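# Secondary and tertiary structure notes
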Amino acid sequence: MADTQYILPNDIGVSSLDCREAFRLLSPTERLYAHHLSRAAWYGGLAVLLQTSPEAPYIYALLSRLFRAQDPDQLRQHALAEGLTEEEYQAFLVYAAGVYSNMGNYKSFGDTKFVPNLPKEKLERVILGSMAAQQHPEEVRDLWQTCGELMFSLEARLRHLGLGKEGVTTYFSGNCTMEDAKLAQDFLDSQNLSAYNTRLFKVVDQEGKPHYEVRLASVLTTDPALDSELTSKMKSYEFQGSHFQVTRGDYAPILQKVVEHLQKAKAYAANSHQEQMLAQYMESFTQGSIEAHKRGSRFWIQDKGPIVESYIGFIESYRDPFGSRGEFEGFVAMVNKAMSAKFERLVASAEQLLKELPWPPAFEKDKFLTPDFTSLDVLTFAGSGIPAGINIPNYDDLRQTEGFKNVSLGNVLAVAYATKREKLTFLEEEDKDLYIRWKGPSFDVQVGLHELLGHGSGKLFVQDEKGVFNFDQDTVTNPETGEQIQSWYRSGETWDSKFSTIASSYEECRAESVGLYLCLNPQVLEIFGFEGADAEDVIYVNWLNMVRAGLLALEFYTPEAANWRQAHMQARFVILRVLLEAGEGLVTVTPTTGSDGRPDARVHLDRSKIRSVGRPALERFLRRLQVLKSTGDVVAGRALYEGYATVTDAPPECFLTLRDTVLLRKESRKLIVQPNTRLEGSEVQLVEYEASAAGLIRSFCERFPEDGPELEEVLTQLATADAQFWRDQVKEAPTGQA
């Protein structure tokens, strides 16, 4: 059997997302709007399979065929007859649920591969003897032969997502390196093209000259004359001695389905902002235009307080090894009025609270653009995973001048972060009951501050294409050095393109630090209904949770490659290092032995020193983060951030040894079962499923009732068309590794 790092355990937590009450309160028109937006999101989410690994689309197609022909209970009888134990069949169900939940065979949180926890030969017997194989023998056998070896392989390069020798990614062809990614980014910057909706493919000619294809995601593959925005850029270029070709049409059949349902949703829009937003999204996905998506995002920002909230597109860049390309996601949710009222009060206090952040006014936006901030109950979240909160759009120019929205996903928080006492690790016994009582409320506070005032704060110093600066060069000085500003962002440069591989984690660290820093403010705690001893407990548990999370983060560090696989967890480890460095016993991490005789550890936070020691240390660190971000000082920013993110076995913490303990004691991230919506005549029904691996599988079996087989064929055809770009990587995968 495989190393436990690379399997999902049979007892993995599974929760159902409850949005019944919020859905019940929608009007018939709002339900139709939500239904078609959900359909668009689910179709678009299939693109994530093509953004993850070469084998992911085939695995998805194979699983879908199996469970469409026999539901999990029916397939169980066949599997047991083939000689599987109940535990082995459950392991297969958990694997299949994991593939659906992560939209691929790599964990969305950590980017680690997971494989079936049963013998490959037994799974092969189940698949080739299944009803699906009897109905379509050649298709099922071909799918198994294409993905079976890779499904189980744990060859070193395939264990994690990454670029070049560091891992596998389908954002780039298998022969691309970090140098290729940097060259491509420089090319894109030179043409004022965004990387968000692109992939990069490299071919080397007989003379050894590289030829790069930059492929945009779009329905259209041809260049109609009426498209003036992008037609002129669909051509060949010579750039720094290399050949570049800009094309489009990536994920075309999938995006066609997205556009069709956005068009249907548009008929039920509540206002002109929503209509214009959807029109621009359709333009974006049809033409491959990020500028159109930006225009749609402007209308989305202006659509204040909608009953049905949504966002869709190539959004987060966490899983691109270079940090510039967006993974497709789409969500649809309904407002939770009680929690939203608290967030509205936080927004009303935002301008005053921003003044408390530890950097000069010149490093803050000239005007705080008051955002929407709502708590939502999620109906649909398509992509590789569901976050607890969102601050979007991610376009720097819009965030600086147009604003943004903050979203806290209440029903996700309710299930994803619930903790049982017996499964709590690395805490002192006397902290556990307090932690369980206050983790949820403290997380509400942290998410609110993180999204609104973390991601919503700070100014980027920019010189535009006309040479005009958005700051006064004569009077603004660097508070760290006292000198005039020496660096800034040039026209076309963005936070992601400039800081690339550390951009996501650095920004998450800054936002988390803002949350910790501002949760000490009594006004903030009063907004959320906490005063006196309760407020102090919320502060303590919030800081304690961050310190514990920093230790848990070690699971997502790869010693062999000396790199991090998850932006949020790297950020939390950095904060742990900052607080440990503060000294005076504020934070200690002590190795121990558990009651089972195996290595264990305990985290201790001295609550009496949070304000006297922790706050000043966090203040200094936050100021440095913001100054380096504002000025675009990549060299110093990398030195600071990567210094704190370094993991060694130096005493007293001995983090590499602690990592082994973390892996030994780790609890797998929960799987979340989402409902479906079904159109019956002119009415939309909510279809819910049980909280189990089988329930999650059933939800996906019923997700595409009209065109499931067609979609599987589309996915495998798209994967096969590009298989040449990863053939060398695939050949490296030996058999029998798991």
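Residues numbered from 1 in each chain as written. Predicted model: local features only at pLDDT ≥ 70, side-chain atom pairs only at ≥ 80, totals over all residues. Heavy atoms only, no water.

What follows is about the sheet that holds strand 3 (residues 210-217). Pairing is mixed in the open sheet, where four strands are placed in the order 2-3-5-4. Edge strands, defined here as strands with exactly one partner in the open sheet, are strand 2 (198-204) and strand 4 (236-239). For this sheet, the mean inter-axis angle between neighbouring strands, taken without regard to orientation, is 30°. In this structure, strand 2 lies alongside strand 3, joined through seven bridges in antiparallel fashion. Of the residues in strand 3, the one forming a bridge with V204 is P210. (Pairing = 2+ DSSP bridges. Helix = DSSP H or I, 4+ residues; strand = E, 2+ residues; numbered from the N terminus. Axes fitted to C-alpha atoms, helices over the stretch in contact; angles between N-to-C directions.)

At a minimum axis distance of 7 Å, the contact between helix 22 (residues 532-552) and helix 23 (residues 567-581) shows a crossing angle of 115°. Compared by their axis directions, helix 22 and helix 23 come out roughly perpendicular. Considering only the axes of helix 22 and helix 23, their crossing is left-handed. On helix 23, the residues that touch W543, M546, V547, A549, G550, L551 and L552 of helix 22 are M569, R572, F573, I575, L576 and L579. In terms of residue class, the contact of helix 22 with helix 23 is made up of eleven nonpolar, one polar and one charged. (Parallel < 35°, antiparallel > 145°, perpendicular 65-115°, else oblique. Left-handed = near helix turned anticlockwise from the far one by under 90°. Contact = heavy atoms within 4.5 Å. Nonpolar A, V, L, I, M, F, W, Y, C, P; charged D, E, K, R; others polar.)

Quick look at helix 10 (residues 178-190) now. Spacing of three or four residues puts side chains on the same side of an α-helix, whose turn is 3.6 residues. Given a rise of 1.5 Å per residue, 13 residues ought to cover 18 Å, and the 18 Å separating the end C-alpha atoms of helix 10 matches this to within 8%. Among the residues of helix 10, those classed as buried are D180, A181, L183, A184, Q185, F187 and L188. Its buried side turned inward, helix 10 meets strand 2, strand 3, strand 4, strand 5 (242-250) and helix 19 (495-499). The positive-phi residue at the C-terminal boundary of helix 10 is N192, with phi of around 55°. (Expected span 1.5 Å × (residues − 1). Buried < 20%, exposed > 50% of the residue type's maximum accessible area, 1.4 Å probe, protein only.)

The next thing to look at is the UniProt feature "active site" (unreviewed entry) in the protein. The UniProt record marks E451 with the feature "active site" (unreviewed entry), using the residue numbering of this structure. Locating E451 in the fold gives a position in helix 18 (residues 429-454). When its relative accessible area of 6% is taken as the criterion, E451 is described as buried. Ignoring sequence-local partners within four residues, the contact set of E451 consists of F373, G389, I390, N391, N406, V407 and G456. (UniProt positions renumbered as here; feature names shortened; annotations may be inferred.)

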